[in-house]
Amino acid sequence: MKKILILSLSVLSTLLFSACTDQANQPESQAENIIGKHTIRFTEPPKRIPAPHSVDAPLLGNGFTGVALSGTPESQVFYVARNDFWRLKSALDESFPLVLGKIELDIPQLKDASYLVEQQLYDAVSTARFTKGDISVSYKAFVPATEDMLIVDLNMEGNGSVEGTAGISFLGKEEQINKPPLERIFPDVREHETKPNGVEYLSRAFVDSVDIPTKGAMALRVSGSTDGKFTLEPGKTVRLVCAFSSNFKSDDCVATVIKKVEDFTPARQAEIEKSHKEWWRNYWEKSYVSIPDSVIEKQYYLSLYGMGSCSRDIDFPPSIFGTWITKERPYWNGDYHLNYNHMAPYYALYSANRIEQADPYISSMLAQIERGNYYSEKVTGIPGGILLPVGAGPLGVETTRRTPFMDTYYYDWIKSGNIEDEGMFWGQKSNSAYAVVNMSMQFYHTWDEVYTRKVYPFVKGVATFWENYLTREGDRYVIYNDAIHEGTVGTMNPILSLGLVRMVMQTVSDMSALLGVDEEKRTQWQFINKHLSDYPLQERNGKTVFRYTEKGCDWWDGNTLGIQHIYPAGQIGLNSDPKLLEVAYNTVDEMQRWLDSNGSNSFFPAAVRIGYKPDSILVHLNTYSKHTYPNGFQLNNPHGIENWSTVPNTINEMLCMGHQDIVRVFPVWPRGKDASFHQIRVEGAFLVSGEQKGGAVTSLTLVSEKGRDLTLQNPWKGKKVEITDPVAGKRTVDGDFIKMKTEAGQTYRFAMGK
């Protein structure tokens, strides 16, 4: 990757989001004005809960603990799960995220009451209102961003009073799938007690027949009650306070949660609520956009709310379903699936400047290095490489490992070649290369040396595998015995692998250069990148399009594997060879996978990367944004948080793209639609802000974090550009590309010259 970045500008504004220039220097008010417009409304009780897949319920969380609201007005159930509460055992179907417990809120008088739950995205507070006749019961609930707790304030309006009870419980039969021999329930250790002062607590632990013991705990206190019973009256607030912890966060998680609720006071709540709102305010100010389509904009912020609510635990990234586990065993073990599911939720976080939410991704991958080394040598005879099967969990756990259970009940998998040694590969050699995608994205978006040192051993291990696995034939390298899709064992040159290997070789070369290591290997990595086989082609409906493999599967009617070398592998873009770009365009046009159960999160950004029709992209993105439950999960799609990257990632790329060392502002955005954005992060560690109004760029600002060289594509084609440089002063330049030095921490402004 070159140090020079091409910033193709169509619009950037410093702190501006709307036409209100008097607020240009008030990003806080701009963010609040934009995001505060979007309220999420649930007008009926959720129906897909409990479920072993994504749910349709209101979702709360702080990146460590997740709470899903369910039930009818008279019988509310709050499902509680944690990112660090798993059963941890390297064996097929024996390791998965768990339900910690439930908070049950019963108010019998509300039977047949109306239902309304609203979630304010800007301050991450949920409110509920249940009305029956002249009685209305409401509550305000939030999971504090800075405390592992749930706080619920109950109130009522009307005449008389309302009786209720609140308590906590373990999961019951409806939250567990017990269909032996394939669906099994594993022994746990449970503790549940109510203290004389009314504090109720429970804990659940897995210590028998596991690789790593786990324990989670929660405690509840109902204000003014010693038995969980309460009476609501007008003007009187009843408060439920619940605390959560685990053995990974406390030496005695039970004592920790009990003390938290016992020490809780109204003054403490005020402090917690203040810090909670400050955290979310800062979260939204990191980056934001303003676009004319309110449906897409709402899904944009709802998606970022979801990731802010589930991804902060640096050692325990969220599962396929985020932190909202409501039934055991979840589909696909709820694990970190390595043939795209674990990577996709994070795609938008880099351009959206939410690096804190992206950081947890790497912990689970780095913990797999030892196992990847094992499979590389055992399966392919390559020492020092990294080759990973499809299923991973926290702390190095392998969720799909072969066991006697697999031999007994899934022997066909072994017989068909989908299992190699102890690993479930489905014929795919690309899982570890796919795992590099996010590392590569974060590296190029931040050029953070500390981060690079952390992930470099993994990236180098994957590169080592591929440089030894590839077969040299004449002037090209060929991939044999791989699979484009799960189970297509033994194919040649799968197009996804060709893209991923190129990405790996480029990334490892640039990382080694930044760190000043492995110079002697860099030439070989770059040579492989240059001489890897071309992407296979075919004719369909009179157009040249990509073929899924050179030998093997030619096309697939589902999924988007045929364009994932474009995105997320990032190997084709607006600066690519025009003929290759035409084939990419034809392939996107032929596939039309806008509503794909697995691949929308790669298809939309791939369409942007190759310059597909922007109006068409927005029409499909609007449809996609409507095809959701109120919480943002896709309708009738069992997958979870991977779909939250689709809208923000697509919009950010349309507004400001830094791909191929070229920062392009509004490169794939309709000229006639006004829009603005604040601090989109692009490759080169630049934070860009801009505005398009009346078909022209009206402002452009760039902050250089690392002082890298910049190449800016002139957003005012054929016009001069005035640069305000804090070091060199003002100057006017012309040309299609403005090449310039930048200094770390400095802000540069650009305007159309006279």
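The name given to the protein in an unreviewed UniProt entry is Glycosyl hydrolase family 95 catalytic domain-containing protein, and the organism recorded there is Parabacteroides goldsteinii.

## Comments concerning the overall build of the protein
Within the protein one finds 18 helices and 35 strands. For 754 residues, the compact-globule estimate of 2.2 N^0.38 gives 27 Å, and the C-alpha radius of gyration of the protein, at 26 Å, lies within 12% of that figure. Its C-alpha atoms put the protein at 80 × 70 × 50 Å along the principal axes. When the 754 residues of the protein are sorted by exposure, 63% land in the buried category. A gap of 4 Å separates the mean positions of the 78 positive and 90 negative side-chain charges of the protein.

## Comments concerning the sheet that holds strand E3 (residues 59-61)
Taken together, 6 strands build an open sheet; the order of strands is E3-E4-E5-E6-E11-E15 and the sheet is antiparallel. A single partner strand is all that each edge strand has here, and the edge strands are E3 and strand E15 (229-232). For this sheet, the mean angle separating the axes of adjacent strands, direction not counted, is 25 degrees. Of the strand pairs in this sheet, strand E4 (residues 65-72) and strand E5 (residues 75-87) are connected by 8 bridges, and their pairing is antiparallel. Following the sheet pairing, Leu-69 is matched in E5 by Phe-78.

## Some words on the sheet that holds strand E2 (residues 39-42)
Read across the open sheet, the 9 strands follow the order E2-E7-E8-E9-E10-E16-E14-E13-E12; overall the sheet is antiparallel. Because the sheet does not close on itself, it has two edges, and the strands there are E2 and strand E12 (189-194). For this sheet, the mean angle separating the axes of adjacent strands, direction not counted, is 15 degrees. As paired elements, strand E13 (residues 200-206) and strand E14 (residues 214-222) share 7 bridges and run antiparallel to each other. In the strand pairing of E14, Phe-206 is matched with Thr-214. Across the sheet, helix H2 (residues 253-262) is in contact with strand E10 (149-157), E12, E13, E14 and strand E16 (238-246); its angle to E14 comes to roughly 20 degrees.

## Quick look at unusual backbone geometry
Cis geometry is found at the peptide bond from Ile-49 to Pro-50, where omega equals 0 degrees. With respect to the helices and strands, the residue Pro-50 is situated in the loop between E2 and E3. Note the cis peptide between Glu-328 and Arg-329, where omega equals -5 degrees. If you trace the backbone, Arg-329 turns up in the loop between helix H4 (294-310) and strand E18 (336-337). If you check the backbone angles, Asp-112 has positive phi at about 70 degrees while not being a glycine. Note on placement: Asp-112 falls in the loop between strand E6 (96-106) and strand E7 (116-120). On the basis of relative accessible area, Asp-112 is assigned to the exposed category, the value being 67%. Even without a glycine there, the phi angle at Asn-636 is positive, about 55 degrees.

## Topic: the confidence of the model for the protein
Within the protein, residue pLDDT values average 95, and 96% of them lie at 70 or more. Segment residues 1-25: pLDDT under 50, and 123 contacts once partners within four positions in sequence are set aside and those in other chains are kept.

## Points about the domain arrangement of the protein
What the domain assignment lists for the protein is domain 1 (30-289), domain 2 (294-652) and domain 3 (675-752). Relative placement of domain 1 and domain 2: their C-alpha centres are 33 Å apart. Counting from both sides, the interface comprises 70 residues of domain 1 and, opposite them, 68 residues of domain 2. Both sides together, the interface formed by domain 1 and domain 2 hides about 6000 Å², and carbon and sulfur atoms give 61% of it. Taken together, domain 1 and domain 2 are joined by 5 salt bridges. We note a salt bridge from Lys-249 to Asp-313, for which the minimum N-O separation is 2.8 Å. Run the count over domain 1 and domain 2 and you get 39 residue pairs in polar contact (both at pLDDT 80 or more). Sorting the residues of the side of domain 1 that touches domain 2 by element identifies helix H1 (27-35), E2, E3, E4, E5, E6, helix H3 (266-285) and strand E17 (288-290) as the ones contributing at least two each. It is E5 that provides the largest number of residues to the side of domain 1 that touches domain 2, a total of 6 residues.

## Some details on the packing of aromatic side chains
Throughout the structure, instances matching the rule amount to 42 aromatic pairs. The interplanar angle of 15 degrees and the centroid separation of 5.3 Å between the aromatic rings of Trp-279 and Tyr-283 together place this pair among those described as stacked. Of this pair, Trp-279 and Tyr-283 both sit in helix H3, separated by 4 residues, roughly a single helical turn. Tyr-283 shares its class with Trp-279; the two are buried. For the ring pair Trp-594 and Phe-603, a centre distance of 4.8 Å and an interplane angle of 85 degrees mean the geometry is edge-to-face. When its relative accessible area of 4% is taken as the criterion, Trp-594 is described as buried. Judged by relative accessible area, Phe-603 falls into the buried class, the value being 0%. Each member of the aromatic cluster is reached from another via a ring pair, and the members are Trp-279, Trp-280, Tyr-283, Trp-284, Tyr-300, Tyr-301 and Tyr-305.

## Here we look at the side chain of Thr-400
Looking at the secondary structure, you find Thr-400 in the loop between strand E19 (391-392) and helix H9 (404-409). On the basis of relative accessible area, Thr-400 is assigned to the buried category, the value being 3%. Separated by 3.3 Å, the side chain of Thr-400 and the backbone nitrogen of Gly-391 make a polar contact. Not counting residues up to four positions away in its chain, the partners in contact with Thr-400 are Leu-92, Asp-335, Val-390, Gly-391, Met-406, Glu-422 and Met-424.

## Digging into helix H8 (residues 369-380)
The end-to-end C-alpha distance of H8, which contains 12 residues, comes to 16 Å, matching closely the 16 Å that a straight helix rising 1.5 Å per residue would cover. Buried within H8 are the following residues: Arg-371, Gly-372, Tyr-375 and Ser-376. Projection of H8 onto a plane perpendicular to its axis shows the buried side chains occupying an angular sector of 140 degrees, all on one side. The elements touched by buried residues of H8 are strand E20 (419-420), strand E21 (423-424) and helix H12 (449-469). At the exit of H8 stands Gly-381, carrying a positive phi of roughly 75 degrees.

What counts and how
Residues numbered from 1 in each chain as written. Predicted model: local features only at pLDDT ≥ 70, side-chain atom pairs only at ≥ 80, totals over all residues. Heavy atoms only, no water. Helix = DSSP H or I, 4+ residues; strand = E, 2+ residues; numbered from the N terminus. Rg over C-alpha atoms; globule rule 2.2 N^0.38 Å. Buried < 20%, exposed > 50% of the residue type's maximum accessible area, 1.4 Å probe, protein only. Lys, Arg positive; Asp, Glu negative; His and termini not counted. Charge placed at Lys NZ, Arg CZ, Asp CG, Glu CD. Pairing = 2+ DSSP bridges. Axes fitted to C-alpha atoms, helices over the stretch in contact; angles between N-to-C directions. Contact = heavy atoms within 4.5 Å. pLDDT = per-residue confidence, 0-100. Domains from an automatic or database assignment. Buried area = accessible area lost by both parts, 1.4 Å probe. Salt bridge = Lys/Arg side-chain N within 4 Å of Asp/Glu carboxyl O. Polar contact = N/O pair within 3.5 Å; in protein donor to acceptor, adjacent residues only side chain to side chain. Phe/Tyr/Trp six-rings, centres within 6.5 Å; stacked < 30°, edge-to-face > 60°. Expected span 1.5 Å × (residues − 1). Arc of directions from axis to C-beta.

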